[in-house]
Amino acid sequence: MPAVTADTLTLPRLPEPAPDARERPVARITTAPRGFEGEGFPVRRAFAGVPLEELDPFVHMDQMGAVDYGPGEPKGTAWHPHRGFETATYIIDGTFQHQDSHGGGGVITDGATQWMTAGGGILHIETPPEQLVVSGGLFHGLQLWVNLPAADKLVEPRYQSLEGEQVTLVSSSDGGALVRIVAGEVGSHAGPGETHTPISFVHATVAAGARLQLPWREDFNALLYVLSGSGQVGPDGRPVTGGQLVVFGAGDHLQVTADERQGGDSPALEVIVLGGRPIGEPVAWYGPFVMNTKAEIAAAVEDFQAGRFGAIPPGALMPYVVRD
């Protein structure tokens, strides 16, 4: 897992919870079903079965892979539209290319994140580069959808490229966990991602047998998704393993402990921790459009069909196909 790594003993440390701190209890644990997205790449639907009000301000997250592709097998998505939310694509292993109809684009690889504000409407493509398609190789990442409030649904689209070295790195109080802050704040430490909706996005690696006590804003919800490994969460030590999502209740910090013995190919417990200030508005969701009402969804479909989301640029990036 070549996402950004560091010597945790040299990093700033997160504080231990205060004596009167309130640890967040576990409200729900679900297991993500497997499926396929885009041109056929394997995903796990991280939020499946969880009510939207418990996810708010998030609406969707896919774990893409991990998959070790053979030559000619890597796949992505063709050009498609979005409106009404932001996407964060975080690549842990492998490489993805992005291009959109508003001039954004770049290569995302090994710990980098692209943050795309679809806003009023955008077309984009995400696809593996020719080299990866030809040779095959390991691919693993996440795509997260962050809702926008009604007042920001139609903002101007924006693209942010966050390289792995820009991520803020801190460690747990005992140095047993590496915490990568992609966006938002954890304690007094802030990540580089700029978001319309106030959120925090963290990738933590918890060494076998180590415990992470993560400060968390009380006005944010808290979700933890297990990428790989096994451990326990919450004050009751509920067991979790790869592909499971934890929804926490109220409090000012959350706790996760890695099992002493990790199975499979994972030497540590790898988790994504998300939280945000709930928007508390109605959600109307149809495919790539996330709005507040059915009428706004109909308008989004009409605007897309009328070409108001922009155009695919001349000589645009297209999925690479291996020819026989």
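Quick note: structure is the one above.
This one's a predicted model, so the numbers in the text were calculated from it and none came from an experiment.

### Some words on the nonpolar core
Okay, step 1: Within the largest apolar cluster, 32 residues are counted, with the highest numbers of intra-cluster contacts made by Phe47, Trp115, Leu144, Phe201 and Leu274.
Okay, step 2: Taken together, the elements giving at least two residues each to this core come down to strand 4 (58-69), strand 6 (85-93), strand 11 (137-147), strand 14 (177-183), strand 17 (199-207), strand 19 (223-228), strand 22 (244-248) and strand 24 (268-276).
Okay, step 3: When sequence neighbours within four positions are dropped, the list of residues in contact with Leu144 reads Phe47, Phe58, His60, Met61, Glu86, Thr87, Ala88, Phe201 and Leu274.

### Some remarks on unusual backbone geometry
Okay, step 1: In the segment running from Asp56 into Pro57, the intervening peptide bond is cis, with an omega of 20 degrees.
Okay, step 2: Omega for the bond connecting Gly65 with Ala66 falls within 30 degrees of zero, at 5 degrees, which places this linkage in the cis form.
Okay, step 3: Counting through the fold element by element, Ala66 comes out in strand 4.
Okay, step 4: Even without glycine at this site, Asp110 takes up a positive phi of about 40 degrees.
Okay, step 5: Following the sequence through the fold, Asp110 ends up in the loop between strand 8 (105-109) and strand 9 (113-117).
Okay, step 6: The exposure class assigned to Asp110 is partly exposed, which follows from its relative accessible area of 33%.

### Looking at the sheet that holds strand 8
Okay, step 1: Overall, antiparallel pairing links the four strands, which are arranged 5-10-7-8 in an open sheet. Lying at the two open borders of the sheet, with one neighbouring strand each, are strand 5 (77-82) and strand 8. With strand direction ignored, the average angle separating the axes of adjacent strands in the sheet is 20 degrees.
Okay, step 2: Bridge analysis of strand 5 against strand 10 (residues 122-127) gives four bridges, and the strand direction is antiparallel. Each residue of the ladder has a partner; that of His80, found in strand 10, is His124.

### Examining the packing of aromatic side chains
Okay, step 1: Here the structure, examined in full by the defined rule, presents seven aromatic pairs.
Okay, step 2: Pairwise contacts between aromatic rings join Phe85, Trp145 and Trp285 into one cluster.

### As for the sheet that holds strand 24
Okay, step 1: Here seven strands make up an open sheet; going across it, the order is 1-22-19-24-17-14-13 and the pairing antiparallel. The outermost strands of the open sheet, each flanked by one partner alone, are strand 1 (26-31) and strand 13 (168-171). Between one strand axis and the next, the sheet turns by 20 degrees as a mean value, whatever way the strands run.

### Brief notes about a nonpolar patch on the surface
Okay, step 1: There is a patch of nonpolar side chains on the surface, built from Leu52, Val283 and Trp285 and spanning about 230 Å² of accessible area.
Okay, step 2: As for its position among the elements, Val283 is in the loop between strand 24 and strand 25 (284-286).
Okay, step 3: The class of Val283 is partly exposed, set by a relative accessible area of 34%.

### So, the pattern of salt bridges
Okay, step 1: Under the definition given, this model contains eight salt bridges.
Okay, step 2: Here Arg83 and Asp303 are joined by a salt bridge, their closest N and O atoms 3.0 Å apart. Residue Arg83 is found in the loop between strand 5 and strand 6, and its partner Asp303 is found in helix 3 (residues 294-305); the two are separated by 220 residues along the sequence. Taken as a pair, Arg83 and Asp303 share a single burial class, namely buried.
Okay, step 3: Arg217 is the salt-bridge partner of Asp219, the closest N and O atoms lying 2.7 Å from each other.
Okay, step 4: Residue classification places Asp219 among the partly exposed positions, given a relative accessible area of 36%.
Okay, step 5: Look at Arg217 and you get partly exposed, because its relative accessible area is 32%.
Okay, step 6: Within this structure, Arg83, Asp303 and Arg308 form a network of salt bridges that share partners.

### Concerning helix 3
Okay, step 1: With twelve residues, helix 3 ought to run about 16 Å at 1.5 Å a step, and its terminal C-alpha atoms sit 17 Å apart, in line with that.
Okay, step 2: Packed against the buried residues of helix 3 are strand 25 and strand 26 (289-291).
Okay, step 3: Looking at the residues trailing helix 3, positive phi occurs at Gly307, about 80 degrees.

### Thoughts on the side chain of Gln63
Okay, step 1: Here Gln63 lies in strand 4.
Okay, step 2: Given the relative accessible area of 4%, Gln63 is considered buried.
Okay, step 3: In terms of polar contacts, Gln63 uses its side chain to reach the side chain of His140, at 2.8 Å.
Okay, step 4: Setting aside chain neighbours within four positions, we find Gln63 in contact with Pro42, Val43, Arg44, His140, Gly141, Leu142, Tyr225 and Leu227.

### Thoughts on the pairing of strand 3 (residues 41-45)
Okay, step 1: In terms of strand pairing, strand 2 (residues 34-37) meets strand 3 through four bridges, oriented antiparallel. Paired with Gly35 across the two strands is Val43, which belongs to strand 3.
Okay, step 2: Strand direction decides the pairing type here: strand 3 and strand 4, joined by three bridges, are antiparallel. Considered in strand 4, the bridge of Arg44 is made with Gln63.

Rules of the game
- Residues numbered from 1 in each chain as written.
- Predicted model: local features only at pLDDT ≥ 70, side-chain atom pairs only at ≥ 80, totals over all residues.
- Heavy atoms only, no water.
- Core = buried A, V, L, I, M, F, W, Y, C linked by side-chain atoms within 4.5 Å.
- Buried < 20%, exposed > 50% of the residue type's maximum accessible area, 1.4 Å probe, protein only.
- Helix = DSSP H or I, 4+ residues; strand = E, 2+ residues; numbered from the N terminus.
- Contact = heavy atoms within 4.5 Å.
- Pairing = 2+ DSSP bridges.
- Axes fitted to C-alpha atoms, helices over the stretch in contact; angles between N-to-C directions.
- Phe/Tyr/Trp six-rings, centres within 6.5 Å; stacked < 30°, edge-to-face > 60°.
- Patch = residues over 30% accessible without salt bridge, like charges linked within 9 Å, V, L, I, M, F, W, Y side chains within 5 Å.
- Areas by Shrake-Rupley, 256 points an atom, 1.4 Å probe, with all protein chains shown as cover.
- Salt bridge = Lys/Arg side-chain N within 4 Å of Asp/Glu carboxyl O.
- Expected span 1.5 Å × (residues − 1).
- Polar contact = N/O pair within 3.5 Å; in protein donor to acceptor, adjacent residues only side chain to side chain.

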